[in-house]
Amino acid sequence: MIRKQIQKLVVFFLVSIITLPSLASALKGELEYGLGCEWDSDNLKAVRTSTETGFHIAFEDNVDGGRVHLSARAWREWIEQTGKIGIDQLWFRGYLGNVDYTGGKQVISWGTADGFNPTNYFSRLSSSALFSGDLRGEPIWAGQATYYGSNWSVTGVVIPAFSPQVIDGQMRKMMLASDPQAEVLLVALDATAKPDGFGTNTEWALRAETQLGGIDMQASFFAGYEPLPGLEMVVTVHPELGIPVAVELEGKYRKQYFGGLATTGTFGPVGFWSELTYGGPKPFEESTSALEIRQPLSINKKYLQAVVGGDYTLPLGKGLLVQGQYIYRGQGSLFTPYVTSDEEIKAAHYLYGRLGYDLSLDSSVDLVVLHGTQEKSGLIRPAYTLRLPSSIQLELSAVKTYGDGEISSVPFQWRLAVIFKF
């Protein structure tokens, strides 16, 4: 099956290059081989190993009236026999006077923060992305247009077909490790039908942007759906005995609305940013039957999200980048978005830090720390990158968790990747 998909994709690109010869010179990409291991520190043995190969190929160039981009991405994990292949991005960007517009499958990047962007209503941040350090977000099918004034701009985004967030394997393992009952919850999530129909469940957003005293300021509004469905526990009561006779979980993607503010700027050599949003999903309807009890397992009211951060390059050697960020999530934990009891969902607080240093022109080190103050746990991700001749790059990284919270359920893991760029 995978082989047939690869053959179709290769034929697609060959036909594209033949029919659009001007784009052949703009062809770029990378091939990657990764070796990973989850390590049991107590028993000093490997819990799980993985061998993964992948590629990303793209070409982008100017055409009459604008710019076109076409790319594909694929990966294959050979031990567990899993993988994915398909179009990564496919878009056309045009210009009409003071208006720029882009249509197609694209990465939409709103907000000012690093990785955790409350005002980027379209991003899907997975746990795998956090562990790998790739926080770019997933491409979506959308249209985007921006009108530029003298010192301001207005941007609109329309998403004609809803695309939910995927609960990846890493997040599933974390949920199961933190609560054995999460298996039932995951089954209910997989069974929840998403809003279908092209154009009938359109999501949209508006953003106004200007500068004031050298500070970039943004105000935005979003109308769409929850990226993950809301869940309810439904208990059916026997009409005569008055005791529960059936318990099931029901999921629903609810409409939600958010308003947001974001700023970014500099104070001398220090850069700063902030984001804030307020809103939430449409609450679940109250039960009208005395024989039915409904208990929300998801956030059921409006909530606040906020990020405040800054960075500074210390004059140490070639320059040490120091970055810090505070994250407030009124909807609960980053890693377990549901509760499996009648306990109220509590706000979560995180501290995110990053250090970056270039050892030479060919090598660099990076350290990321995420600490949950309420969960009393967190993770540390060091990484080393070595750039060799012939466009070959080596990346060695590891993820170590600590504490007793939900994050700590992930075992120690390391990964070595060899990347060839062309």
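Here, every reference points to the structure presented above.
The text that follows walks through the structure, step by step, so that each part is easy to find. (Residues numbered from 1 in each chain as written. Predicted model: local features only at pLDDT ≥ 70, side-chain atom pairs only at ≥ 80, totals over all residues. Heavy atoms only, no water.)

Details of the overall build of the protein
Then, number 1: A tally of regular secondary structure across the protein gives four helices and 21 strands.
Then, number 2: Every one of the 422 residues in the protein was classed for burial, and the buried ones make up 40%.
Then, number 3: When the accessible surface of the protein is totalled, it reaches about 22,400 Å², and 60% of it is carbon and sulfur. (Helix = DSSP H or I, 4+ residues; strand = E, 2+ residues; numbered from the N terminus. Buried < 20%, exposed > 50% of the residue type's maximum accessible area, 1.4 Å probe, protein only. Areas by Shrake-Rupley, 256 points an atom, 1.4 Å probe, with all protein chains shown as cover.)

A look at the pairing of strand S12 (residues 255-267)
Then, number 1: With ten bridges joining them, strand S9 (residues 215-225) and S12 adopt antiparallel strand pairing. Residue Asp216 lies in a different strand from S12, and its bridge partner there is Thr264.
Then, number 2: Sheet analysis places S12 next to strand S13 (residues 270-281), joined by twelve bridges and oriented antiparallel. Each bridged residue has a counterpart across the sheet, and for Leu261 the counterpart in S13 is Leu276.
Then, number 3: Counted between consecutive antiparallel strands, the loop separating S12 from S13 contains two residues, among which Gly268 sits at a positive phi close to 65°. (Pairing = 2+ DSSP bridges.)

Notes on the sheet that holds strand S10 (residues 230-237)
Then, number 1: Taken together, the three strands give an open sheet; going across it, the order is S11-S10-S14, and neighbouring strands pair in antiparallel fashion. With one partner strand each, in any of the chains shown, strand S11 (244-252) and strand S14 (292-296) form the two edges of the open sheet. Along the sheet, successive strands turn relative to each other by an average axial angle of 20°, direction set aside.
Then, number 2: Summarising the sheet, S10 and S11 pair through eight bridges and their orientation is antiparallel. Note on S11: the bridge partner recorded for Met233 is Leu249. (Axes fitted to C-alpha atoms, helices over the stretch in contact; angles between N-to-C directions.)

Focus on the environment of Val365
Then, number 1: Locating Val365 in the fold gives a position in strand S18 (residues 363-372).
Then, number 2: Sequence spacing of Val365 and Leu355 is ten residues, and the spatial spacing of their C-alpha atoms is 8.2 Å.
Then, number 3: When residues no more than four places from it in sequence are discounted, the contact partners of Val365 are Leu355, Gly356, Tyr357, Leu359, Ala383 and Tyr384. (Contact = heavy atoms within 4.5 Å.)

Describing the nonpolar core
Then, number 1: Ile108, Trp110, Phe122 and Val157 are the most contacted members of the largest nonpolar core, which totals 15 residues.
Then, number 2: Mapped by element, the contributors of at least two residues to this core are strand S6 (140-148) and strand S7 (152-159).
Then, number 3: Membership of the second largest hydrophobic core comes to 13 residues, among which are Trp273, Val307, Tyr350 and Leu370. (Core = buried A, V, L, I, M, F, W, Y, C linked by side-chain atoms within 4.5 Å.)

Quick look at the packing of aromatic side chains
Two numbers describe a pair of aromatic rings. These are the distance of the centres and the angle of the planes.
Then, number 1: For the coordinates displayed, the defined rule picks out 14 aromatic pairs.
Then, number 2: The interplanar angle of 85° and the centroid separation of 5.1 Å between the aromatic rings of Trp110 and Phe122 together place this pair among those described as edge-to-face. A residue pair is termed long-range when its members are at least 10 positions apart, and Trp110 in the loop between strand S5 (99-106) and helix H2 (127-132) and Phe122 in the loop between S5 and H2 qualify at twelve residues.
Then, number 3: Trp110 sits in the buried class, given a relative accessible area of 2%. (Phe/Tyr/Trp six-rings, centres within 6.5 Å; stacked < 30°, edge-to-face > 60°.)

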